[in-house]
Amino acid sequence: MALQDTLLKQLSESAGVSGAENEIRQLIYDAIKDHVTDLRVDTMGNLLAVKKGTGKSSLKVMVAAHMDEVGFMVMGVDSDGLIKFSSVGGIDPRILPALRVHVGKDKTPGVITWKPIHLSWKEKDVKKTDSFRIDIGAENKAAAEGKAQPGDRVTFASETIALTENIVRGKAFDDRAGCAELIELIKGDPFPFDLLVAFTVQEEIGSRGAQIAAQGLKPDVAIVLEATAAHEVPQSDDEPDITTVTKLGHGPVITYMDKGSIAHPGLRKLFVRVAEQLGIPHQFRSPQYAGGTDAAVIHVANAGVATITISVPCRYLHSPYLMLDLNDFQNVVKLVRTTLMQLSPSDLER
Ligand SMILES: [Zn+2]
């Protein structure tokens, strides 16, 4: 499948830093409106909908993907017209220097400041985020203030491109890949039950949207579609990096445990069984690494929700240049679709 055949390019290039998901939400709204009922935006900004099922099952099944992405927020403007900013979500300050960004709703292009090597070759220390500014080429403070108001969001400026037939590069695949997968599920055949759809907000700053979505929809079962860290890139002497978690091209990632949740054992077994049935590659996410997903708050919502996270492996998470394999993306859709078709209440027994 080629990049242009997916919605992924549009979704990942759209802006939606946590708490300011309007643009991405509108794009998803338009993409799904003809395929769902009960389409609504809740108080938090989550986009919720129902995909009507065949009526064979009364299970309440929610599939969630977060719309927001990590980015920055404008904090003010210096006397010389440089923009002060804070991170929204986890961004390593080591990637900031000379980064291209888009500021505010007009997407004013800018660059994060950096002292060139000619002036800094003796410096060894890693700078903190608050020592950087965004330079939009403004002549003075007033000119910059016309383009950047406190509270405005700033996104990575990064086009989504295909590097090879399968490997694509772009920003915000975390979690626009999950959003694109969910849209494909919505557009496909009906499931035995009504599918409760939740495109959530504010995951990157603590899954605040998902908490409210789960409270509102009251599902029995939840599948969280995510992007998770792959880092199989060789370090020196062709040694694999010891932080390898998952691998590109090795299929959907079935989470056993992460920092915020342990997968429901019945769902975990069902997903493995279906992956084997379908003969698609799959891999497991083990507990030793940081990071959680919306599953952390969903599984403990209400009186408890049988929950699992299914992810697509991505390199360079929380940077402007994530990489993913479209085969993994397609296999997630296939695996989740088939599993939902087979899901029965007996899978949820403890
Ligand atoms: Zn994510």
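Residues numbered from 1 in each chain as written. Predicted model: local features only at pLDDT ≥ 70, side-chain atom pairs only at ≥ 80, totals over all residues.

## A few points about the overall build of the chain
Then comes step 1: Across its full length, the chain holds 9 helices and 17 strands.
Then comes step 2: Its C-alpha atoms give the chain a radius of gyration of 21 Å, near enough to 20 Å, the size a compact globule of 350 residues would have.
Then comes step 3: The dimensions of the chain, computed from C-alpha atoms along their principal axes, are 65 × 50 × 35 Å.
Then comes step 4: Counting over 350 residues, the chain shows a buried share of 48%.
Then comes step 5: Taking contacts inside the chain between residues at least 6 apart in sequence as the whole, the part at least 24 apart equals 75%. (Helix = DSSP H or I, 4+ residues; strand = E, 2+ residues; numbered from the N terminus. Rg over C-alpha atoms; globule rule 2.2 N^0.38 Å. Buried ≥ 20, exposed ≤ 12 C-beta atoms within 10 Å, placed from the backbone. Contact = placed C-beta atoms within 7 Å.)

## Some details on the packing of helix H2 (residues 22-32) against helix H5 (residues 173-187)
Then comes step 1: Close contact between H2 and H5 brings their axes to 10 Å; oriented N to C, the two are set at 20°. It follows that H2 is roughly parallel to H5 by the angle criterion. Of the two possible hands of crossing, H2 and H5 adopt the one that is right-handed. Only Cys179, Ile183 and Ile186 of H5 make contact with H2, whose side of the interface consists of Ile28, Ala31 and Ile32.
Then comes step 2: By residue class, the composition of the contact of H2 with H5 is 6 nonpolar, no polar and no charged. (Axes fitted to C-alpha atoms, helices over the stretch in contact; angles between N-to-C directions. Parallel < 35°, antiparallel > 145°, perpendicular 65-115°, else oblique. Left-handed = near helix turned anticlockwise from the far one by under 90°. Nonpolar A, V, L, I, M, F, W, Y, C, P; charged D, E, K, R; others polar.)

## Some remarks on the nonpolar core
A general feature of soluble globular proteins is that nonpolar side chains tend to end up buried together.
Then comes step 1: Core analysis: the largest hydrophobic core is formed by 99 residues, its most contacted members being Ala64, Ile298 and Ile310.
Then comes step 2: The dominant element in this core, judged by the number of residues it contributes, is strand E13 (residues 221-230), at 8 residues.
Then comes step 3: In terms of domain composition, this core takes at least three residues from each of domain 1 (3-69 + 171-348) and domain 2 (71-156).
Then comes step 4: Setting aside residues no more than four positions away along its own chain, Ile298 makes contact with Ala64, Ala210, Ala214, Ala222, Val224, Val305 and Thr307. (Core = buried A, V, L, I, M, F, W, Y, C linked by C-beta atoms within 7 Å. Domains from an automatic or database assignment.)

## Overview of helix H7 (residues 265-278)
Then comes step 1: Helix length check: H7, at 14 residues, gives a terminal C-alpha distance of 20 Å against a target of 20 Å (1.5 Å per residue), a fit within 8%.
Then comes step 2: Looking at H7, one finds that the buried residues are Leu267, Leu270, Phe271, Val274 and Ala275. Down the axis, H7 shows its buried residues gathered within 130° of arc, on one side only. In H7, the exposed positions angled more than 90 degrees off the buried face are occupied by Glu276 and Gln277.
Then comes step 3: Its buried side turned inward, H7 meets strand E14 (253-255), strand E16 (306-315) and helix H9 (326-342).
Then comes step 4: A positive phi of about 65° marks Gly279, the residue just after H7. (Expected span 1.5 Å × (residues − 1). Arc of directions from axis to C-beta.)

## A closer look at the domain arrangement of the chain
Then comes step 1: Split by domain assignment, the chain resolves into domain 1 (3-69 + 171-348) and domain 2 (71-156).
Then comes step 2: Relative placement of domain 1 and domain 2: their C-alpha centres are 31 Å apart.
Then comes step 3: Looking at side-chain class alone, the side of domain 1 that touches domain 2 contains 5 nonpolar, 3 polar and 3 charged residues.

## Section: the environment of Asp34
Then comes step 1: Along the polypeptide, Asp34 turns up in the loop between H2 and strand E1 (37-41).
Then comes step 2: Residue class for Asp34 comes out exposed when judged on the 9 C-beta atoms lying within 10 Å of it.
Then comes step 3: Measuring from C-alpha to C-alpha, the distance between Asp34 and Lys187 comes to 9.1 Å, with 153 residues separating the pair along the chain.

## A look at the environment of Ser12
Then comes step 1: As for its position among the elements, Ser12 is in helix H1 (residues 8-13).
Then comes step 2: The contacts of Ser12, once residues within four sequence positions are left out, are Thr160, Gly170, Lys171, Ala172, Phe173 and Arg176.

## A few points about the packing of H5 against H9
Then comes step 1: Orientation of H5 relative to H9, taken along the N-to-C sense of each, is 45°, at an axis distance of 10 Å. Between H5 and H9, the interaxial angle falls into the category oblique. Here the hand of the crossing between H5 and H9 comes out right-handed. Every residue of H9 that contacts H5 at Ala177, Glu181, Glu184 and Leu185 is listed here: Phe329, Val332, Val333, Val336 and Arg337.

## Regarding unusual backbone geometry
Then comes step 1: For the bond from Asp174 to Asp175, the omega torsion is 10°, close enough to zero to count as cis.
Then comes step 2: If you trace the backbone, Asp175 turns up in helix H5.
Then comes step 3: For Lys107, which is not glycine, the phi dihedral falls at a positive 55°.
Then comes step 4: With respect to the secondary-structure elements, Lys107 resides in the loop between strand E6 (100-103) and strand E7 (108-112).
Then comes step 5: For Lys107, a count of 14 C-beta atoms within 10 Å translates into the label partly exposed.
Then comes step 6: With a phi angle near 50°, Lys218 is a residue other than glycine that sits in the positive phi range.
Then comes step 7: Along the chain, Lys218 turns up in the loop between helix H6 (208-217) and E13.

## Considering the pairing of strand E3 (residues 61-66)
Then comes step 1: With 6 of its 6 residues buried, E3 lies for the most part within the structure.
Then comes step 2: Residues of E3 alternate between two faces, with Val61, Val63 and Ala65 on one and Met62, Ala64 and His66 on the opposite face, all of them buried.
Then comes step 3: Relative to E13, E3 is paired through 4 bridges, and the arrangement is parallel. The residue of E13 that forms the bridge with Val61 is Val221. (Pairing = 2+ DSSP bridges.)

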